[in-house]
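# Report on the structure
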Amino acid sequence: MVWYDGHSKDVFNMDVFGRQFAIRTVHLTSAASTFIFALVYGVIEHTLLASSLGIGILVHPLSIHIFGQVYFYHVCMFILAILISFNPFFDILLFSSSGTLRKQVLLWGTGNIVNFLWLEDLFYWIPFGEWPKDVMSPLHLSFYGIVWWYPVAFLFASLLYYLTIRSIQRIKKHEPVT
């Protein structure tokens with residue numbers, strides 16, 4: 001990928017519901033890697049917590065209770081999620097002089113983090129044929145099998161992705177054709 005004057009040569013068009021969108025491959029690959037990490041993390045967390053070994057398998061300092069249902073291993077994994085979500089964009093965040101590019105990176109990376117949060121929680125339950133119906137906390141109150149905050153988080157992340165794509169389209173319109 002070659003970044004020059006805030007523009008990228010790897011922008012391609014995709015057709016979604018009959019509408020053209022311009023997007024960079026790095027954005028798609030970062031979203032895919034975030035999805036895969038959320039899936040793997042959810043499965044590992046379920047295996048550690050729901051196995052016959054229980055929370056005792058987590059050793060100190062990972063088992064340090066912070067508050068509510070948050071343990072130190074959640075903090076470590078969230079840091080990894082941030083690194084995975086923003087990894088392809090650290091050079092832009094740290095060294096780019098273009099505010100537009102930084103805005104795109106922050107929007108897309110934040111969308112990745114929001115998607116990671118709800119997907120990780122979803123993949124804690126789904127691969128094992130369970131659903132959070134037996135966990136009656138306000139966070140996991142389920143309506144016909146859909147936890148209320150999953151669609152909210154998905155729509156928010158979709159909005160962030162859309163704003164990024166719209167910004168890329170604006171740049172592409174003003175970019176000279178080579």
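Residues numbered from 1 in each chain as written. Predicted model: local features only at pLDDT ≥ 70, side-chain atom pairs only at ≥ 80, totals over all residues. Heavy atoms only, no water.

### Focus: the environment of Leu39
Structurally, the position occupied by Leu39 is in helix α1 (residues 25–50). Along the chain, Leu39 and Glu120 lie 81 residues apart, while their C-alpha atoms are 5.9 Å from each other. (Helix = DSSP H or I, 4+ residues; strand = E, 2+ residues; numbered from the N terminus.)

### A closer look at the packing of aromatic side chains
In total, this model carries nine aromatic pairs according to the counting rule given. Between Phe37 and Tyr41 the ring centres are 6.2 Å apart and the planes differ by 10°, which places this aromatic pair in the stacked class. Taken together, the positions of Phe37 and Tyr41, both in helix α1 and four residues apart, correspond to about one turn of that helix. In terms of burial, Phe37 and Tyr41 fall into one category: buried. Each ring, one from Trp118 and one from Phe154, has its centre 5.9 Å from the other, and the planes form 80°; the classification is edge-to-face. (Phe/Tyr/Trp six-rings, centres within 6.5 Å; stacked < 30°, edge-to-face > 60°. Buried < 20%, exposed > 50% of the residue type's maximum accessible area, 1.4 Å probe, protein only.)

### Topic: the nonpolar core
Counting residues in each nonpolar core, the largest one holds 30 residues, and the members touching the most others are Phe89, Trp108, Phe116, Trp118, Leu119, Trp149 and Tyr150. When contributions to this core are tallied by element, the ones reaching two or more residues are α1, α2 (72–86), α4 (99–125) and α5 (149–174). Broken down by element, the residue count for this core peaks at 12 residues, all from α4. If we ignore the near neighbours within four places in the chain, the residues touching Phe116 are Thr34, Phe37, Ala38, Tyr41 and Ala81. (Core = buried A, V, L, I, M, F, W, Y, C linked by side-chain atoms within 4.5 Å. Contact = heavy atoms within 4.5 Å.)

### Here we look at a nonpolar patch on the surface
A cluster of nonpolar residues, Ile64, Ile66, Phe67, Phe72, Val75, Ile79, Leu80 and Leu83, forms a patch on the protein surface that exposes about 660 Å² of accessible area. Of all the secondary structure elements, the ones that give two or more residues to the nonpolar patch are β5 (65–67) and α2. Ranked by residue count, the leading element in the nonpolar patch is α2, at five residues. Among the secondary structure elements, Ile64 is positioned in the loop between α1 and β5. Judged by its relative accessible area of 35%, Ile64 falls in the partly exposed class. (Patch = residues over 30% accessible without salt bridge, like charges linked within 9 Å, V, L, I, M, F, W, Y side chains within 5 Å. Areas by Shrake-Rupley, 256 points an atom, 1.4 Å probe, with all protein chains shown as cover. Salt bridge = Lys/Arg side-chain N within 4 Å of Asp/Glu carboxyl O.)

### Some words on α2
For an α-helix, the turn length of 3.6 residues means that residues three or four places apart are oriented alike. Relative to the 21 Å expected for 15 residues at 1.5 Å per residue, α2 spans 22 Å between its end C-alpha atoms, a close match to the ideal helical length. Of all the residues in α2, the buried ones are Tyr73, Met77, Ala81, Ser85 and Phe86. (Expected span 1.5 Å × (residues − 1).)

### Observations concerning the packing of α2 against α4
Two elements in contact, α2 and α4, have axes whose closest approach is 9 Å; the angle formed by their N-to-C orientations is 140°. The angle between α2 and α4 falls in the class oblique. Considering the relative orientation of α2 and α4, their crossing is right-handed. Contacts between α2 and α4 pair Phe78, Ala81, Ile82, Ser85 and Phe86 from the former with Val105, Leu106, Gly109, Thr110, Asn112, Ile113, Phe116 and Leu117 from the latter. (Axes fitted to C-alpha atoms, helices over the stretch in contact; angles between N-to-C directions. Parallel < 35°, antiparallel > 145°, perpendicular 65-115°, else oblique. Left-handed = near helix turned anticlockwise from the far one by under 90°.)

### What to know about the confidence of the model for the protein chain
Mean pLDDT over the protein chain stands at 76; residues scoring 70 or higher make up 66%. Per-residue pLDDT, averaged within each element of the protein chain, yields its smallest value for strand β1 (residues 3–4) (42) and its largest for α4 (89). Here residues 1–7 scores under 50 on pLDDT; set against residues more than four positions off or in separate chains, the count is 18 contacts. (pLDDT = per-residue confidence, 0-100.)

### Comments concerning the side chain of Ser30
Summarising the element assignment, Ser30 is placed in helix α1. Judged by relative accessible area, Ser30 falls into the buried class, the value being 1%. Excluding residues within four positions of it along the chain, Ser30 makes contact with Ser85, Pro88, Phe89, Trp108 and Asn112.

### As for the side chain of Ser85
When you line up the elements, Ser85 lands in helix α2. Here Ser85 falls in the buried class, since its relative accessible area comes to 0%. Here Thr34 takes part through its side chain, which lies 3.5 Å from a polar atom of the side chain of Ser85. (Polar contact = N/O pair within 3.5 Å; in protein donor to acceptor, adjacent residues only side chain to side chain.)

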